[in-house]
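If you want the building blocks of each chain, they are given just below.
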Amino acid sequence: MCVHSAGATLLPHRGLVYKGLGRLSWESGSVLSGAGLHLRSWVERVNYDKIFSDSIAAIKVEGRYRVFADLRRRRGAFPHADAYTSDGVSRPITVWCSNDYLGMGQHPDVIAAMHTALDTVGAGSGGTRNISGTTHYHVELEAEIADLHGKQSALLFTSAFVANDTTLATLQMLMPDVVIFSDAKNHASMIAGIRNGGKEKRIFKHNDMADLERQLKSVDSKRPKIIAFESVYSMDGAIAPIAAIADLAEKYDALTYLDEVHAVGMYGPRGGGIAERDGVMHRIDIINGTLAKGFGVMGGYIAATRDICDAIRSFAPGFIFTTSVAPAIAAGALASIRHLKSSSVERELHQERARTLKRKLKNAGLPVLDNPSHIVPVMICDPVHTKQVADALFNQFGIYVQPINYPTVPRGGERLRFTPTPLHTDADMDKLVAALNTLFAECPMSLASVTAAE
Ligand SMILES: Cc1ncc(COP(=O)(O)O)c(C=O)c1O
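In this text, all values refer to a predicted model and were calculated from it rather than measured experimentally.

Engineer: Describe in detail the pattern of salt bridges, supporting the description with residues and values.
Structural biologist: All chains considered together, the criterion is met by 28 salt bridges. Here K222 ties to D220 by a salt bridge, and the two come within 3.8 Å at their closest N and O atoms. You can call K222 exposed: its relative accessible area is 73%. With a closest N to O distance of 2.7 Å, R415 and D236 form a salt bridge. Taken together, the residues R415 in strand 18 (residues 415-418) and D236 in the loop between strand 11 (225-230) and helix 8 (242-251) connect sequence positions 179 residues apart. Taken together, the shared-partner salt bridges in this structure form one network comprising E140, E144, D147, R270, R338 and K341.

Engineer: Can you explain helix 14 (residues 383-397)? Please cite residues and give values.
Structural biologist: Helix length check: helix 14 (15 residues) gives 20 Å between terminal C-alpha atoms against 21 Å at 1.5 Å per residue, within 8%. Looking only at helix 14, the buried set comprises P383, H385, T386, V389, A390, A392, L393 and F394. Within two residues after helix 14, G398 carries a phi angle of roughly 65°, on the positive side.

Engineer: Please provide a residue-by-residue account of the packing of aromatic side chains, values included.
Structural biologist: Tallying each qualifying case throughout the model produces three aromatic pairs. Judged by centre distance (5.6 Å) and plane angle (75°), the ring pair of F157 and F319 falls under edge-to-face. Note that F157 is positioned in strand 8 (residues 153-157) and F319 in helix 11 (residues 317-320), a separation of 162 residues in sequence. Neither F157 nor F319 differs from the other in exposure class; each is buried. Ring centres of F394 and Y400 lie 5.8 Å apart, and the angle between their planes is 75°; on these two criteria the pair is classed as edge-to-face. Its guanidinium or amino end placed over the ring of F78, R73 lies 4.3 Å from that ring's centre, counting from NZ or CZ. Across the ring face of Y406, the terminal group of R411 is positioned such that the distance to the ring centre comes to 3.8 Å.

Quick notes on the rules
Residues numbered from 1 in each chain as written. Predicted model: local features only at pLDDT ≥ 70, side-chain atom pairs only at ≥ 80, totals over all residues. Heavy atoms only, no water. Salt bridge = Lys/Arg side-chain N within 4 Å of Asp/Glu carboxyl O. Buried < 20%, exposed > 50% of the residue type's maximum accessible area, 1.4 Å probe, protein only. Helix = DSSP H or I, 4+ residues; strand = E, 2+ residues; numbered from the N terminus. Expected span 1.5 Å × (residues − 1). Phe/Tyr/Trp six-rings, centres within 6.5 Å; stacked < 30°, edge-to-face > 60°. Lys NZ or Arg CZ within 6 Å of the ring centre and 35° of its normal.

Geometry only, nothing functional implied.
Now the structure itself:
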C-alpha cells in the first residue's frame, strides 16, 4: 500500500524512493529536510512479486511445476517410508526413485560410524578446510577415495555438483588456452563448470566417437584439451565407451574428466565405478564421484594426481570458500566406501533387481527404455501425463516416483525413472507393475504419446 506525499513515494516498509537517489531509508529521518536533495518525478516501481509469480505460472502451464514429496524414511524398513501431507498426516508409501541406490544410507556400519563421530567430536566441522575445517575424518576419507580410484590423491567437496562446477571452472583458469570437449548429455553441474570457466568449449554428440574425433582433430594440437563425460548417464542409463575415449585422449593429447556419480559404489570389483569395471581407471586423469548415491551419505570428490588435486585445492573457490562437510558425514561415507570395497553382495543384488524389474515391465508391455545399466526409465513423453501417472501412483497406490521433465530431460522425453535397490522385493515390483498397468489402461493417452514420440 503506497501513500503519496510531497514528491516522494512513501512505502510503509521500504522507505522513500526518489528518482536518481535510489532507495532511501525511511528511518534515516534526513530525507525531507536534508539540504541538496532534488526531488523529481515518481519512480515506477519494479513489480518483484509479479516477476516470480509469472515465472511459476509459466511452468505450471507447461505441466512441469515440481512438487516435493514430504517423506520420512523408516530406519531399517527402506524403501518403505511415510509421506506427510501439509496438515501433518502421514501414510505409508514405497520409494521407487531414491538415488540411495544400494540402501547404504541404512547400513548398520554407516549409521554406527556416524553416531560414533557425532559422540566423539560433535556436530559441525567448524570452518573451511583452510581455516580449522580439516579434521582427521576428512584426511582419512580422502586417502580412502584416492585408493578406491587408484590415484595419488583425492579432494573432498560438499557435493559432486560443487566438485564438477568448481573443478571444471578452475581447470580453465589454470589453462586459459584450453578447449573443453563436452558430451551433449553431460549433467548440469559439468555444464555449469564449463560455462563458469568461460573458455572455449565444443559439444560432441552423445557417446559418438566419430564426432569427438572430428572435433579433436580440428583444434590446434598444441592447445590444452579436456574431454569431459560421464560413465552412466542417469536419465537414459546409457554407458560411455570409456576405453575408446581414453584412446582418443591419448591420440590427441587431451586430459580426461570422468563423472562416475551414478556408478561409484555400484560397478567394479571394489565399487570404483565403470572405469574400474572396464579396467581403464588408470587411463582417466580426473574422476569425479558422489558420496550421496551409491555410498548413501553426502558429499562429492575428485580423484587425480597429487599435483592436479593440489592445484584445485589451491585455486578452486568452491573448495576454498566453504565450510567442509561435517565429521559425522565424512565418517559415514568412509564406512560406506570401506564396506563396499570388500563386499559385492549389494552390487550383485542391485544389478539383479534392475534386470528383474526391466523384465517384468517389458513382459507387461510397458514402455521401458532398454539400457545396459541399473536405471529403469518408463517413457511417457508428455509432461502433463507423466505428472498424472506419478500423482495417481502416489495417491492411489502408495508408490512414490518423481516425474522427470524438462530441463532434466529434453522436452518430449518426459518419463518415470525407477531405481530398484537391493531392498525392493518381488512383491514390491509386482505391485508397481500392476499399478502401472492399471493406470496406462485408464490413460491410453500416455501410451499414445509414447508411440508418437518413437
Ligand atoms: C551426473 C551427475 N553428476 C553430478 C551430480 C551431483 O551430485 P551430488 O548430488 O553429489 O551433488 C549429479 C546429481 O544427481 C549427477 O546426476
